[in-house]
Amino acid sequence: MAYHAMTMAHIQLEHWDEQQLKESLSHRVKGGFGAFWVAGSRPTEPPPVQPIALTGGIPDPDTLPTEQLIECSNTVLRREGPAALRYGGHQGHPGLREWLAEETRRREGLDVQADNFTITNGISGALINVSETFLNEGEVGLVELPTFPGGSGAIQNCLCDIVGVTVDEEGLVPEALEETIEQQESEGRNVKLLYTVPNFQNPTGTTLTVERRERVVEICHAHNVVIAEDDAYGDVRFEGEKPPSLFAIARGKGVVFMGSFSKTMATGLRIGWTLSEQQVTDSLLQTRFDLGASPWVQRTILEFASNGMFEKHLDKVNEVYRKKRDVMLSALEERCSRYAKWTRPEGGYFLWLTLAEGVDPEKLAKAAYNLGVAYVGGYAFHIDGTGQNTVRLAYSFANEDEIPEAIMRLGRALEEASQA
Ligand SMILES: Cc1ncc(COP(=O)(O)O)c(C=O)c1O
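Keep in mind the model is a prediction, meaning the values are calculated, not measured.

An account of the overall build of the protein is needed here, citing residue identities and associated values.
Each helix and strand in the protein was counted, giving 15 helices and 14 strands. For a compact globule of 420 residues, the expected C-alpha radius of gyration is about 22 Å, and the protein comes in at 23 Å, within 12% of that figure. Projected onto the principal axes, the alpha-carbon positions of the protein cover approximately 65 × 65 × 55 Å. Counting the 420 residues in the protein, one finds 46% classified as buried.

Listed below in structure tokens is the structure:
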């Protein structure tokens, strides 16, 4: 304290002014593509009605495996405390990587080893790592239109241009992909990376068909475009068969697969992974400077998974989300069918609404705010500023009992927004 006071008294600080700070900021910040995005304007007044949130891609709070994680964490700290509490290396805990490799061999029949995996700070950490590994300033990254803003943000953060490729009800459109790449190439631009979410896409909830997966891999191979495959929601499946990953179809060539425990267990774990060919894995590790993801949490997850708790947990949470999806779908049918159409996902967290022509999106936002239902306007997922007539609804977080009320409020808001 004494030192602090003395410093304050003797050094001159006035040179560091606001202008200087502005000049010091990197092109990333000056470019205005910050990592955080605000969906809609921030109200300054408290809302007239407590809103029911259909906004974030957040797990149901009642599904969080808190008690089991307390037990697993205790076991880990008692058994291997010092190792769990010091740096664990960039590639991540070998035991967790081995478990992931075994799961991938069992589920996808792929010949992958623990060394093909890296453990990351969620898929978000993987996205930064993959972007920094493949992208140079001025090159082009392709994203879906609409897409998860964390993916487009990671690409833009490498001072790259992003170009959108259309998604329809069967996922990314291969013809649009090919056309976009060819158009960019004809302008002399170097298209390096495609970021895609093939299962229960955020925000649309759509899943890429197997035929399209094959075409996407072929097109990207033909044009030397690396695929960053985000499978954040792939295990949140309530019905149907999981299609092969792009990584499996490409036999690992030119694809980095990214997975996460966020949507199946808890977003606060901050543990995800990459799966790639050995040479790519080595390159990913070359651009990691974060000293690795938490060894404590990685070991705790491994303890959870190797005691068979992960599979059981997955069955339980998928049943919760299936019910919520069904409740939301039937409420929409009852309350909103005159004003919008929507997707029917076989898994994941989201439904995607396309508003009927007569619905004014701005009036809808105001009415929804006043009536107490919160959603994310679809424009927040469109890098080209379009998507005004779309809405993302998350059924994952809200209470099952609240969903019919939320959709009733949305139906009333839609009605108000349709009146001339
Ligand atoms: C498609 C998609 N990928 C990645 C993430 C972030 O995942 P993580 O928590 O593993 O960083 C999200 C979170 O909403 C997401 O929707």
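Quick one: what's the story with the environment of Leu135, residue by residue and with numbers?
Along the polypeptide, Leu135 turns up in the loop between helix H6 (122-134) and strand S3 (140-145). Since 22 C-beta atoms lie within 10 Å of it, Leu135 is described here as buried. When the C-alpha positions of Leu135 and Pro149 are compared, they lie 17 Å apart, and in sequence the two are 14 residues distant. Leaving out residues up to four positions away in the same chain, Leu135 has contacts with Gly141, Ile155, Cys158, Cys160, Lys192 and Leu193.

Account for the nonpolar core, naming residues and giving values.
Ranked by internal contacts, the top residues of the largest apolar core, which has 112 residues, are Leu193, Ala228, Val373 and Leu393. Considering each element in turn, this core owes the most residues, 7 residues, to helix H15 (residues 403-418). Those residues in contact with Leu393, other than ones at most four positions away along the chain, are Leu54, Met328, Phe350, Leu351, Leu353 and Tyr375.

Give a detailed account of the site of the ligand, specifying residues and quantitative values.
Taken together, 14 residues form the shell around the ligand, and within it Gly122, Ser124, Asn202, Ser260 and Ser262 come nearest. In terms of residue class, the shell around the ligand is made up of 4 nonpolar, 9 polar and 1 charged.

Tell me about the domain arrangement of the protein, and please be specific about residues and values.
When cut into domains, the protein gives domain 1 (52-64 + 312-418) and domain 2 (66-309). Placing the centre of domain 1 and that of domain 2 at their C-alpha centroids yields a distance of 26 Å. On the side of domain 2, 31 residues touch domain 1, which itself brings 29 residues to the contact. Contributing elements (two or more residues each) for the side of domain 1 that touches domain 2: helix H13 (309-336) and strand S11 (350-355). It is H13 that contributes the most residues to the side of domain 1 that touches domain 2, 8 residues altogether. Of the residues in the side of domain 1 that touches domain 2, the class split is 14 nonpolar, 9 polar and 6 charged.

Mind laying out the sheet that holds strand S5 (residues 171-172), listing which residues take part and the relevant values?
A sheet is described by the order of its strands in space; here 8 strands give the open sequence S2-S9-S8-S7-S6-S3-S4-S5, paired in mixed fashion. Two strands close off the open sheet at either side, each with one partner strand: strand S2 (117-120) and S5. Bridge analysis of strand S4 (residues 161-168) against S5 gives 2 bridges, and the strand direction is antiparallel. By the bridge assignment, Val167 is partnered in S5 with Leu172.

Describe in detail the pairing of S3, supporting the description with residues and values.
A large share of S3 lies buried, amounting to 6 of its 6 residues. One ladder, built from 6 bridges, connects S3 with S4; its direction is parallel. Residue pairing for S4: Leu142 is matched across the bridge by Val163. Strand direction decides the pairing type here: S3 and strand S6 (residues 191-196), joined by 4 bridges, are parallel. Paired with Val143 across the bridge in S6 is Tyr195.

Tell me about the pairing of S4, and please be specific about residues and values.
The parallel pair S3 and S4, bridged by helix H7 (residues 149-156), forms a crossover whose chirality is right-handed. The hairpin formed by S4 and S5 contains 2 residues between the paired strands.

An account of helix H12 (residues 295-306) is requested, with residue identities and associated values reported.
End to end, H12 covers 16 Å across 12 residues, agreeing with the expected 16 Å (1.5 Å per residue, within 8%). Burial analysis of H12 places 10 of its 12 residues in the buried class, which makes it a mostly covered element. Among all positions in H12, only Pro295, Val297, Gln298, Arg299, Thr300, Ile301, Leu302, Glu303, Phe304 and Ala305 are buried. Downstream of H12 by a residue or two, Gly308 has a phi angle that is positive, lying close to 75°.

Give me helix H9 (residues 210-222): which residues, what numbers.
Here H9 spans 19 Å end to end across 13 residues, near enough to the 18 Å set by a 1.5 Å rise per residue. Among the residues of H9, those classed as buried are Arg212, Arg213, Val216, Val217, Ile219 and Cys220. Seen from one end, H9 has its buried residues packed into an arc of 165°, which puts them on one side. Turned more than 90 degrees from where H9 packs its buried face, Val210, Glu211 and Ala222 sit exposed. Structurally, H9 contributes buried residues whose contacts are with S5, helix H8 (174-186), S6, strand S7 (226-230) and helix H10 (246-249).

How each quantity is defined
- Residues numbered from 1 in each chain as written.
- Predicted model: local features only at pLDDT ≥ 70, side-chain atom pairs only at ≥ 80, totals over all residues.
- Helix = DSSP H or I, 4+ residues; strand = E, 2+ residues; numbered from the N terminus.
- Rg over C-alpha atoms; globule rule 2.2 N^0.38 Å.
- Buried ≥ 20, exposed ≤ 12 C-beta atoms within 10 Å, placed from the backbone.
- Contact = placed C-beta atoms within 7 Å.
- Core = buried A, V, L, I, M, F, W, Y, C linked by C-beta atoms within 7 Å.
- Near = placed C-beta within 6 Å.
- Nonpolar A, V, L, I, M, F, W, Y, C, P; charged D, E, K, R; others polar.
- Domains from an automatic or database assignment.
- Pairing = 2+ DSSP bridges.
- Right-handed = clockwise from strand over helix to strand, strands pointing away.
- Expected span 1.5 Å × (residues − 1).
- Arc of directions from axis to C-beta.

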